[in-house]
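# Survey of secondary and tertiary structure
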Amino acid sequence: MTRWIALSLGTLALLVSQAEAEVLARFRGDFTEVEPPAGWQYLWNAEGEMGLAAAYAPLAWSDDARAFTAGKGKLPQPQPAAFLALRGTGGHPGRGAKQAPNTADRYVIAAYTIPAGKAGIAWVSDGEILRGPIPGSETTTVAQTVQLRVYLNDDLKHTATINANAEPTPFVVNLGHVTGGETVYVAVGPDGHDINDGFGFDFRVAVLPAGEQPQATPSLSIVPEDPGKPSLRRDKRGEPDPKFMTAHEEMLSRLRKTPEAQVVFLGDSIMAGWAHAGRSVWDRQFASLKPLNLGVAGDQTQHVLWRIDNGELEGLTPRVVVLLIGTNNTGRYGGIEIAHGVEAVVKRLREKLPNATIVLTGIFPRSEKPTDQVRAKVKLANDRIAQLADGRAVHYVDIADKLLQPDGTISRDLMPDFLHLTTPAYQAWADAILPLIESSISRK
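Bear in mind that the values here come from a model prediction, so they are computed numbers and not experimental data.

Glancing now at the overall build of the chain. Summing up its helical and strand segments, the chain has nine helices and 21 strands in all. Here the C-alpha coordinates of the chain stretch approximately 75 × 65 × 35 Å along the principal axes. Relative to its full complement of 444 residues, the chain shows a buried share of 54%. The contacts in the chain between residues at least 6 apart in sequence include a share of 73% that link residues at least 24 apart. Approximately 19400 Å² of the chain is accessible, and the part contributed by carbon and sulfur atoms is 51%.

Next up, the structure:
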């Protein structure tokens, strides 16, 4: 007798037999640059309308566009391939059939071929597609939508018109019985005209037992996590990140071994780097202060909040907390959002450790040139979080001037990858925060 249970496959919750449910692929989780991973093709309907696989042609990776495109170099490409781009976060379809010299709406297509030996009832599950709000300058009423189509081989299984919206549109598609070698095509195209048709999407291909189906509510999300709310870090396929969980257990072990810690260092890989490039500085200047390093590589603000809420400060009564967090948020968030996340961490620390002084370090500059876009995000975030300092419970330290050359560039002597620090850079950081740490300890 088969026992049915509520089973979590990553974040895909299905009422299925433990042995029979199988997630074969996830678009975002499997996406890699340069070459499509095993089983995947990235295509466009170069030779005609959608629905005939013989008309599809491959997209190729473009370093300039940082996407799979139909041409070479930066977008836009010449017609009919103009604007076609597919990325791990979504992409942009090509021009519409009503835009000369096009004769068909040009779709970008993420195609997955069922592996040999696999068979069963297949679903496109946990699908979400988001076309963001249309800019206010766009006044035309023609084709302000995109089309979503899902095929099994050349058989159309699902179609939907996606409006511009601040919230994603979910989609779940029953593909019917499949066998190895059949191909699922998930395609996004313009609706006659191309008008700011950028989109984000995510979906899984899963095989379920006959008679079962995915949850109606998608469990994946293409909307970035709130950087000001605790969130467990997950890997590309939506599973709890094993490296993060191992690091969390290591932090709890450190805490148990150092319950008398007077200074806690909290943050990401740059903070963790005190044990590596910064080790000699750490031993010389902080060892006598009973320090505890809780830096975890890859962390964003929401992950630090999760760690705080899951025991990493439990039982501690430090006099000082040195905080550096936010640089890993720059990939998906704007400067104000990053500041919101840092502010949430500071607030949680004040709640958890009301008697500790917080030494808040400004996010370090990153990327080689001052004109690089990420620099503006970091500056805006730092301008905001600097206002959290009150000179008593929270102090703000910014050492950007110690890390930059006179022309605003970053030297590899201080940040070899334009992100992480060398020993001299850790020394500059220590010189800036040590007086605040010592004065805070002496006052208490």
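There's plenty left to go through after this.
Predicted confidence across the chain gives a mean pLDDT of 89, with 93% of residues reaching 70 or more. Every residue in residues 1–19 is under pLDDT 50, and counting partners more than four places away or in other chains gives 52 contacts. In this model, residues 134–141 is a region of pLDDT below 50 whose contacts with residues beyond four sequence positions or in other chains number nine contacts.

Regular strands have side chains that alternate between both faces of the sheet. Counting buried residues along strand 19 (residues 320–324), five of its five residues qualify, which places the element largely inside the surrounding structure. As defined by bridge partners, strand 17 (residues 263–267) adjoins strand 19 across five bridges and the pair is classed as parallel. By the bridge assignment, Phe265 is partnered in strand 19 with Val322. Across four bridges, strand 19 lies against strand 20 (residues 357–361) in parallel orientation. Bridge pairing links Val320 to Thr357 in strand 20. In the classification by handedness, the crossover that spans strand 19, the intervening helix 6 (residues 335–352) and the parallel strand 20 is right-handed.

Taken N-terminus to C-terminus, the directions of helix 2 (residues 242–257) and helix 5 (residues 301–309) make an angle of 45°; their axes are 11 Å apart at the nearest point. Comparing their axes, helix 5 and helix 2 come out oblique. As for how helix 2 packs across helix 5, the hand of that crossing is right-handed. Residue-level contacts link Phe244, Met245, His248 and Met251 of helix 2 to His303, Trp306 and Arg307 of helix 5. The residue makeup of the contact of helix 2 with helix 5, split by class, is four nonpolar, two polar and one charged.

A word on the packing of aromatic side chains. This model, assessed by the stated rule, comprises 26 aromatic pairs. Each ring, one from Phe201 and one from Phe203, has its centre 5.5 Å from the other, and the planes form 65°; the classification is edge-to-face. Assessed through its relative accessible area of 1%, Phe203 is described here as buried. Considering the side-chain rings of Phe265 and Trp282, the 4.8 Å spacing of their centres and the 55° angle between planes classify their relative orientation as tilted. Of this pair, Phe265 sits in strand 17 while Trp282 sits in helix 4 (residues 279–285), placing them 17 residues apart in sequence. A residue is classified by how much of its surface remains accessible, and Phe265, at 0% relative accessible area, is buried. Judged by relative accessible area, Trp282 falls into the buried class, the value being 11%.

The next point concerns the sheet that holds strand 19. Strand order in the open sheet made by the five strands is 18-17-19-20-21, with parallel pairing throughout. Every other strand in the sheet has two partners, leaving strand 18 (291–295) and strand 21 (394–397) as the edge strands with one partner each. Between one strand axis and the next, the sheet turns through 15° on average, direction left out of account. Bridge count between strand 20 and strand 21: four bridges; the pairing is parallel. Along strand 21, the bridge assignment pairs Ile358 with Val394. Those strands touched by helix 5 are strand 17 and strand 18, and its axis lies near 135° from that of strand 17.

This next bit is on the environment of Ala97. Mapping Ala97 onto the fold places it in the loop between strand 9 (90–92) and strand 10 (108–113). Each C-alpha atom of the pair Ala97 and Glu49 lies 9.6 Å from the other, and the pair is 48 residues apart in sequence.

Take the pairing of strand 16 (residues 199–208) next. In terms of burial, strand 16 is largely enclosed, as ten of its ten residues are buried. Burial along strand 16 is two-sided: the residues Phe199, Phe201, Phe203, Val205 and Val207 and Gly200, Asp202, Arg204, Ala206 and Leu208 are all buried. The sheet contact formed by strand 3 (residues 22–26) and strand 16 spans four bridges and is antiparallel. When the bridges of strand 16 are listed, Val23 appears paired with Ala206.

About the thresholds
- Residues numbered from 1 in each chain as written.
- Predicted model: local features only at pLDDT ≥ 70, side-chain atom pairs only at ≥ 80, totals over all residues.
- Heavy atoms only, no water.
- Helix = DSSP H or I, 4+ residues; strand = E, 2+ residues; numbered from the N terminus.
- Buried < 20%, exposed > 50% of the residue type's maximum accessible area, 1.4 Å probe, protein only.
- Contact = heavy atoms within 4.5 Å.
- Areas by Shrake-Rupley, 256 points an atom, 1.4 Å probe, with all protein chains shown as cover.
- pLDDT = per-residue confidence, 0-100.
- Pairing = 2+ DSSP bridges.
- Right-handed = clockwise from strand over helix to strand, strands pointing away.
- Axes fitted to C-alpha atoms, helices over the stretch in contact; angles between N-to-C directions.
- Parallel < 35°, antiparallel > 145°, perpendicular 65-115°, else oblique.
- Left-handed = near helix turned anticlockwise from the far one by under 90°.
- Nonpolar A, V, L, I, M, F, W, Y, C, P; charged D, E, K, R; others polar.
- Phe/Tyr/Trp six-rings, centres within 6.5 Å; stacked < 30°, edge-to-face > 60°.

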